[in-house]
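Given next are the chains, with one letter for each unit.
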Amino acid sequence: MYDIIVIGSINMDVIVHCHHFPASGDNTFCESIRLAAGGKGNNQAVSAARYGKKVCFIGCIGDDSPGRQLRQNLKERHIDDGWLIVKNGVDTGSCVGLVEPNGENTLLVNPGANFAFGAEEIRQRLNALEGKILLIQMETSKESVLAAMRTAREKGMLIILDPAPVQGINPDCFPYADIIVPNSHETERITGIRVFDESSALAAAKIIHGMGVNNVIVKMGGSGCLLYRHQTPLYFPALQVDAVDTVGAGDCFAGALANYLIDYPDNLEDAIRFAQTVAGIKVSRHGGHDAIPSLNEVNAVLHKETGTGRHPTC
């Protein structure tokens, strides 16, 4: 039995820290360039496993050097890679991320193997597994995402959906989600409402709720997030930090949220506070998976901010 099964994308990222966002045709210097394990599914699996939970990752890689490196990274982070799909003749997914001095990022993604598997492969693997939570995004084929969510619903799993990236959003999946965690850009794509404050987030959350999701969490980055459920909104202010790198922040939030709900399945509000703190610390640092904070670091911030901590049953 796994605590969390993550289905999604896995990429080899090239992260470029820019002095400024380049204009078309620019040939300019940058601050740094580094390779990093990425992909929304991969990032979420690492975040979900960070605090001692048993995590399985299902995704697709090519039979190539980047795929083997990414697989090794999963092993080193105590994530079961035994259910990965390996495709011959297909390149492992890749991404170029441009990070500006204020931490904002622009991503260019080559899906590669992430789009090379379909519904039946996902159904077979998920039916062979047992897990408490399915954590999924929309950075693989629409058929694979819908099949995974339908299968997880049949198995009685709690389903957390991160409807990202915007190009992959498929509202047909929404009724199968117990919790949905869109950011402001994704929320605008879904609802047509530009989200910039608590009021606009609430208006958008009501629309998404009407599309079949009981628990809607609209993330607004440094402006906090809003939970809408039982016809009631609840606003959570953001952790105040100097953001230097927002790559993977939403993935970090989703993984931490799932992690917390394994220990405290009936406490979504504290799970959001925990996830916001994890993501807030993450964006205050440069780096990828290694920038995800330890539990002691998170508890120290939570105690300072709210007077509480979190003691998981690892």
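Look up: the structure comes first, before these words.
Residues numbered from 1 in each chain as written. Predicted model: local features only at pLDDT ≥ 70, side-chain atom pairs only at ≥ 80, totals over all residues. Heavy atoms only, no water.

**Remarks on the overall build of the protein**
In step 1: On a plain count of helices and strands, the protein comes out with 9 helices and 15 strands.
In step 2: Against the 2.2 N^0.38 benchmark of 20 Å for 314 residues, the protein shows a C-alpha radius of gyration of 18 Å, consistent with a compact globule.
In step 3: For the protein, the C-alpha atoms occupy an extent of roughly 50 × 50 × 40 Å along the three principal directions.
In step 4: Within the protein, the proportion of its 314 residues that are buried is 53%.
In step 5: When the accessible surface of the protein is summed, it comes to about 13500 Å², and 49% of that surface belongs to carbon and sulfur atoms. (Helix = DSSP H or I, 4+ residues; strand = E, 2+ residues; numbered from the N terminus. Rg over C-alpha atoms; globule rule 2.2 N^0.38 Å. Buried < 20%, exposed > 50% of the residue type's maximum accessible area, 1.4 Å probe, protein only. Areas by Shrake-Rupley, 256 points an atom, 1.4 Å probe, with all protein chains shown as cover.)

**Observations regarding helix α1 (residues 40-49)**
In step 1: For α1, the tally of buried residues reaches 10 of 10 residues, placing the bulk of the element in the interior.
In step 2: Buried residues of α1: K40, G41, N42, N43, Q44, A45, V46, S47, A48 and A49, and no others.

**A word on the environment of T151**
In step 1: Considering the arrangement of structural elements, one finds T151 in helix α4 (residues 142-154).
In step 2: In this structure T151 comes out as buried when scored by relative accessible area, which is 3%.
In step 3: Sequence separation between T151 and R123 is 28 residues, and the spatial gap between their C-alpha atoms is 6.5 Å.
In step 4: Contact partners of T151, with chain neighbours within four places excluded, come to R123, L126 and N127.
In step 5: Within the structure, T151 has its side chain in polar contact with the backbone oxygen of A147 (distance 2.7 Å). (Contact = heavy atoms within 4.5 Å. Polar contact = N/O pair within 3.5 Å; in protein donor to acceptor, adjacent residues only side chain to side chain.)

**Comments concerning the sheet that holds strand β6 (residues 79-80)**
In step 1: Read from one edge to the other, the open sheet built from 9 strands follows the order β6-β4-β1-β10-β11-β12-β13-β14-β15, with strand pairing classed as mixed. Looking at strand neighbours, the two that pair on one side only are β6 and β15 (232-236), the edges of this open sheet.
In step 2: By the bridge criterion, 4 bridges tie strand β13 (residues 215-219) to strand β14 (residues 225-229) in an arrangement that is antiparallel. Paired with V216 across the bridge in β14 is Y228.
In step 3: Packed onto the sheet, helix α6 (residues 198-210) meets β12 (179-180), β13, β14 and β15 and runs at close to 40 degrees relative to β14.
In step 4: Sheet contacts for helix α8 (residues 268-283): β12, β13, β14 and β15; angle to β14, the most-contacted strand, approximately 160 degrees. (Pairing = 2+ DSSP bridges. Axes fitted to C-alpha atoms, helices over the stretch in contact; angles between N-to-C directions.)

**A word on the pattern of salt bridges**
In step 1: Evaluation of the coordinates by the stated rule reveals 16 salt bridges.
In step 2: When the shortest N-O distance is used, the salt bridge between D290 and R77 registers 2.8 Å. Here D290 is found in the loop between α8 and α9 (295-306), whereas its partner R77 is found in the loop between α2 (65-76) and β6, with 213 residues between them in sequence.
In step 3: Two residues, R273 and D270, come together in a salt bridge whose shortest N-O distance is 2.8 Å. Taken as a pair, R273 and D270 lie in helix α8 at a separation of 3 residues, close to a single helical turn. (Salt bridge = Lys/Arg side-chain N within 4 Å of Asp/Glu carboxyl O.)

**Examining the sheet that holds strand β2 (residues 11-17)**
In step 1: Taken in spatial order, the 4 strands of this open sheet run β3-β2-β8-β9, and their pairing is mixed. Two strands bound the open sheet, and with one partner strand each, they are β3 (32-38) and β9 (105-110). Neighbouring strand axes in the sheet, compared pairwise and without regard to direction, differ in orientation by 20 degrees on average.
In step 2: In the packing of α2 onto the sheet, contacts are made with β2 and β3, and the angle to β2 comes to roughly 90 degrees.

**Details of the packing of aromatic side chains**
The geometry of an aromatic ring pair comes down to the distance between the two centres and the angle between the two planes.
In step 1: According to the stated counting rule, one finds 3 aromatic pairs in the structure shown.
In step 2: For the ring pair Y51 and F274, a centre distance of 5.5 Å and an interplane angle of 75 degrees mean the geometry is edge-to-face. With Y51 in the loop between α1 and β4 (55-58) and F274 in helix α8, this residue pair connects regions lying 223 residues apart in the sequence.
In step 3: Here Y51 falls in the buried class, since its relative accessible area comes to 4%.
In step 4: Arranged with centres 5.3 Å apart and planes meeting at 45 degrees, the rings of Y260 and F274 form a pair that is tilted. Linking Y260 in helix α7 (residues 249-263) with F274 in helix α8, this pair joins segments that are 14 residues apart in sequence. Pair check on accessibility: Y260 and F274 agree, each one buried.
In step 5: A connected cluster of aromatic rings, assembled from ring pairs, spans Y51, Y260, Y264 and F274. (Phe/Tyr/Trp six-rings, centres within 6.5 Å; stacked < 30°, edge-to-face > 60°.)

**Remarks on the pairing of β15**
In step 1: Sheet analysis places β14 next to β15, joined by 5 bridges and oriented antiparallel. If you follow Y228 over to β15, its bridge partner there is P233.
In step 2: The turn joining β14 and β15, which pair antiparallel and follow one another in sequence, is formed by 2 residues; a positive phi near 55 degrees is taken by H230.

**Focus on the pairing of β14**
In step 1: Summarising burial for β14: 4 of the 5 residues are buried, a large majority.
In step 2: Counted between consecutive antiparallel strands, the loop separating β13 from β14 contains 5 residues, among which G221 sits at a positive phi close to 60 degrees.

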